[in-house]
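Structure assessment
Residue strings, one per chain:
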Amino acid sequence: ASGRCAAESDDELSECEYETYESSTPEVMLSVRPSTIAGAGEGLFLASQTCDAGTKLLCEEGRVIKRPEAKKLLNDPGWKHANPVIQLNKNQFLDIRALRMYKANHATVLSGRNNIEIVRTGEGRIEVVALRNIYEDEELFWEYAPTWQPHSEV
């Protein structure tokens, strides 16, 4: 999806440091930039003004894969600790590597940093929804699973 940085004119767009794009709600802009969590790589941030609790930030469709493919992916050295799938049921997983929401990092519910949730709305379709008001330049966090720990804020 295309998007705009917080620039005053088109001439300033080339000066933007981070990828920015529109979300599913036209007035909401998201950006990918270095995470606030040390060692976590990139994170997904709200690049526009405050959005209210309940706002749909993204609607995306991922590829549904079977357990053997998910297991192979989870054991691949390049993805082993990257959590590239969401388990849908006992035998189905959603490959999220190509989705923008993949850049949102993990935080436990108990950390108080969780500000989005992932809602399944179809076979491979998910929505990213604000759990509370989220402010401009705030990093987006969701709980991958209660026991998932690498690069998390506890």
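Residues numbered from 1 in each chain as written. Predicted model: local features only at pLDDT ≥ 70, side-chain atom pairs only at ≥ 80, totals over all residues. Heavy atoms only, no water.

Things to note about the overall build of the chain
The secondary structure content of the chain amounts to 1 helix and 11 strands. In the chain, which comprises 154 residues, the proportion classed as buried is 42%. Look at the contacts in the chain between residues 6 or more apart in sequence, and 58% of them connect residues 24 or more apart. A total accessible area of about 8,600 Å² is found for the chain, and carbon and sulfur atoms account for 49% of it. (Helix = DSSP H or I, 4+ residues; strand = E, 2+ residues; numbered from the N terminus. Buried < 20%, exposed > 50% of the residue type's maximum accessible area, 1.4 Å probe, protein only. Contact = heavy atoms within 4.5 Å. Areas by Shrake-Rupley, 256 points an atom, 1.4 Å probe, with all protein chains shown as cover.)

A look at the side chain of threonine 55
Along the polypeptide, threonine 55 turns up in the loop between strand S3 (42-46) and strand S4 (56-61). Look at threonine 55 and you get buried, because its relative accessible area is 16%. Of note is the side chain of threonine 55, whose polar atom sits 2.7 Å from the backbone oxygen of aspartate 52. (Polar contact = N/O pair within 3.5 Å; in protein donor to acceptor, adjacent residues only side chain to side chain.)

What about the pattern of salt bridges?
Considering all chains together, one arrives at 9 salt bridges under this definition. The salt bridge involving lysine 56 is made with glutamate 127; its shortest N-O contact spans 3.5 Å. Here the residue lysine 56 occupies a position in strand S4, and glutamate 127 occupies one in strand S10 (residues 125-130), the gap between them amounting to 71 residues. Of the residues examined, lysine 56 reaches a relative accessible area of 40% and is grouped as partly exposed. Among the residues examined, glutamate 127 registers a relative accessible area of 12% and is labelled buried. When salt bridges that share partners are traced, they join Arg63, Glu69, Asp95 and Arg97 into one network. (Salt bridge = Lys/Arg side-chain N within 4 Å of Asp/Glu carboxyl O.)

Overview of the sheet that holds S10
Spatial ordering of the open sheet is given by S4-S10-S9, a layout of 3 strands whose pairing is antiparallel. Since the sheet does not close on itself, it has two edges, and those belong to S4 and strand S9 (116-120), each with one partner. For this sheet, the mean angle separating the axes of adjacent strands, direction not counted, is 20°. Summarising the sheet, S9 and S10 pair through 5 bridges and their orientation is antiparallel. Bridge pairing in S10 places glutamate 117 opposite valine 129. (Pairing = 2+ DSSP bridges. Axes fitted to C-alpha atoms, helices over the stretch in contact; angles between N-to-C directions.)

As for the pairing of S10
The buried fraction of S10 amounts to 5 of the 6 residues, a majority that puts the element mostly inside the structure. The loop that links S9 with its antiparallel partner S10 comprises 4 residues.

Observations concerning the sheet that holds strand S6 (residues 85-87)
Taken together, 3 strands build an open sheet; the order of strands is S5-S7-S6 and the sheet is antiparallel. In this open sheet, the two edge strands, each paired with only one partner strand, are strand S5 (63-66) and S6. Across the sheet, the mean angle separating the axes of adjacent strands is 35° when strand polarity is ignored. Taken together, the 3 bridges between S6 and strand S7 (residues 92-95) define a ladder with antiparallel strand orientation. Each residue of the ladder has a partner; that of valine 85, found in S7, is aspartate 95.

Quick notes on the packing of aromatic side chains
Applying the stated criterion across every chain yields a total of 1 aromatic pair. The aromatic ring of tryptophan 79 is capped on one face by arginine 97, whose charged end is 5.4 Å from the ring centroid. (Phe/Tyr/Trp six-rings, centres within 6.5 Å; stacked < 30°, edge-to-face > 60°. Lys NZ or Arg CZ within 6 Å of the ring centre and 35° of its normal.)

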